[in-house]
Amino acid sequence: MLKGKIAFVTGGSRGIGRAVCLALASAGADVAFCSRSAGEAVDETLALLRETGVRCAAYTCDVADYDQVAATVSQVLADFGTVDILVNNAGVTCDKLLLSMKPEEFDRVIRTNLYGVFHTVKQLYPVFCKKRAGRIINISSVSGVIGNAGQANYAASKAAVIGFTKSIAKELAARNVTCNAVAPGFVETDLTASLDSEALRGQIPLKRFGKAEEIGSLVAYLASDDAGYITGSVFTADGGLTCC
Ligand code: NAP
């Protein structure tokens, strides 16, 4: 389904990002991914990717830093020749009520979750325009759709990603480039490890957290040729949490 395509995934070392890398690789794409730290998680993801037989590489890059993203994207282009699929997955939380949220805590979350998306798209925009093809998939959150107490910084960043996604979809439609967002609810990863409780699961109609693989397969579909008519859309995957 994705044979011959090159994907670049931010935050690919663990959690949803790793599942996205593996779903894309299982569909045949070569995969480059980045994270801030090198180490065990990166090595594990690389080992799992190699088992699928695709070409893969990991890069150390903080997506909040424009210059690091520019250098990393240049290196990926040099190593792989091009990029066909961009998945903006890297994201952080710093949850607390606004009363006690420090300006730097607001700034850090916006810098990673929103500016990180701007930085990668800015770098690959000319590449996709020239190819007259490309897939951009941004990982937002249901917090960005309905808001969440204690997550003003995170929800603002994820809502902004949706506005960014719809704008880029309109900007690049004439170039045959699609741009969509995925808005997960609670998914089992390091980010939500401290949240999982019976009470919270009870509020989810499907009565469970999602699995990272369930987000990965949705992203792989959006990256495929079959999804060519879908752009500017937001796909909620939340076990029914926000349906009404
Ligand atoms: P996670 O398990 O904490 O993994 C985050 C990944 O992003 C790691 O690979 C991390 O590696 C990388 N990362 C974080 N900050 C980065 C930065 N500044 N530059 C580059 N890489 C960075 O998180 P997750 O739960 O998989 O979440 C992935 C995405 O899904 C995020 O955007 C998150 O907001 C979104 N999401 C998650 C859930 C959920 O329930 N889990 C729900 C809705 C949305 P390093 O730490 O080494 O940088």
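Note that the coordinates shown come from a computational prediction; the quantities given were computed from them, not determined experimentally. (Residues numbered from 1 in each chain as written. Predicted model: local features only at pLDDT ≥ 70, side-chain atom pairs only at ≥ 80, totals over all residues. Heavy atoms only, no water.)

**Comments concerning the overall build of the protein chain**
This is how it is decided: Here a helix means four or more residues in a row that DSSP labels H or I, a strand means two or more in a row labelled E, and each is numbered from the N terminus. As a reference, a globule follows 2.2 Å times the number of residues to the power 0.38, and the radius of gyration itself is taken over C-alpha atoms. Each residue gets one of three labels from its accessible area relative to the maximum for its type: buried under 20%, exposed over 50%, partly exposed in between, using a 1.4 Å probe on protein chains only. Any two residues whose heavy atoms approach within 4.5 Å are treated as being in contact. Throughout, the Shrake-Rupley method with a 1.4 Å probe supplies accessible areas, and for residues the shown protein chains are the sole cover considered. A residue counts as positive if it is Lys or Arg and as negative if it is Asp or Glu; His and the chain ends are not included. We put the charge of a Lys on NZ, of an Arg on CZ, of an Asp on CG and of a Glu on CD.
Across its full length, the protein chain holds 8 helices and 7 strands. What you see for the protein chain is a C-alpha radius of gyration of 17 Å, in line with the 18 Å of a compact globule of 244 residues. Expressed along its principal axes, the backbone C-alpha trace of the protein chain runs to roughly 45 × 40 × 35 Å. A burial count over the protein chain gives 51% of its 244 residues as buried. For the protein chain, long-range pairs separated by at least 24 residues make up 72% of all intrachain contacts whose partners lie at least 6 apart in sequence. A total accessible area of about 11,300 Å² is found for the protein chain, and carbon and sulfur atoms account for 53% of it. One finds the centroid of the 24 positive side-chain charges in the protein chain at a distance of 6 Å from the centroid of its 24 negative side-chain charges.

**Notes on the nonpolar core**
Rules: Nonpolar cores are built from buried Ala, Val, Leu, Ile, Met, Phe, Trp, Tyr and Cys residues. Side-chain atoms within 4.5 Å join them into one set.
The biggest cluster of nonpolar side chains holds 32 residues, and the ones touching the most others in it are V9, L24, V87, I137, V182 and V219. Breaking this core down by element, the ones donating at least two residues are strand 1 (6-10), helix 1 (15-26), strand 2 (30-35), helix 2 (40-51), strand 4 (85-88), strand 5 (134-139) and helix 8 (212-223). In this structure V9 touches G17, V20, C21, L24, V31, A32, F33, C34 and V87, once residues within four positions along its chain are discounted. Among the nonpolar cores identified, the runner-up in size contains 28 residues, and Y59, V117, L172 and V177 belong to it.

**Considerations on the pattern of salt bridges**
Stated precisely, the cut-off is as follows: One side-chain nitrogen of Lys or Arg within 4 Å of one carboxyl oxygen of Asp or Glu is enough to make a salt bridge.
Taken as a whole, this structure holds 7 salt bridges when the rule is applied. Of the charged contacts, one joins D196 and R201 as a salt bridge, the two residues approaching to 2.8 Å between their closest N and O atoms. Using a relative accessible area of 35% as the deciding quantity, one classes D196 as partly exposed. Given a relative accessible area of 30%, R201 falls into the partly exposed group. Its salt-bridge partner being E214, residue R208 comes within 2.8 Å of it at the nearest N-O pair. According to the relative accessible area criterion, E214 is partly exposed, its value standing at 36%.

**Notes on the packing of aromatic side chains**
Where we set the bar: The rule is short: rings of Phe, Tyr and Trp, with Trp giving its six-membered ring, pair when the centres are within 6.5 Å, and they are stacked under 30 degrees, edge-to-face over 60, tilted in between. Two conditions define a charge located above a ring, namely a distance within 6 Å from the ring centre to NZ of Lys or CZ of Arg, and an angle within 35 degrees of the ring normal.
Scanning all chains against the criterion turns up 1 aromatic pair. Considering the side-chain rings of F186 and F209, the 5.2 Å spacing of their centres and the 20° angle between planes classify their relative orientation as stacked. One end of the pair, F186, is in the loop between strand 6 (177-184) and helix 7 (198-202); the other, F209, is in the loop between helix 7 and helix 8, and 23 residues separate them in sequence. The lysine or arginine in question, R55, covers the ring of F80, its NZ or CZ lying 4.5 Å from the ring centre.

**Some thoughts on a nonpolar patch on the surface**
The cut-off we apply is this: Patch building starts from residues that exceed 30% relative accessible area and form no salt bridge, then joins like charges within 9 Å and nonpolar side chains (Val, Leu, Ile, Met, Phe, Trp, Tyr) within 5 Å.
Residues Y66, Y115 and F118 make up a contiguous nonpolar surface patch of about 260 Å² in total accessible area. Examined against the element boundaries, Y115 turns out to sit in helix 4 (residues 103-131).

**Things to note about the pairing of strand 6**
What counts here: Strands are treated as partners if at least two bridges between them are detected by DSSP.
Where burial is concerned, most of strand 6 is hidden: 8 out of the 8 residues are buried. With burial as the criterion, each face of strand 6 is covered, one bearing V177, C179, A181 and A183 and the other bearing T178, N180, V182 and P184. As paired strands, strand 5 and strand 6 are joined by 6 bridges and run parallel to one another. The partner of N138 across the bridge, within strand 6, is A181. Of the pairings in the sheet, the one linking strand 6 to strand 7 (residues 234-237) comprises 4 bridges and is parallel in character. In the strand pairing of strand 7, A183 is matched with T236.

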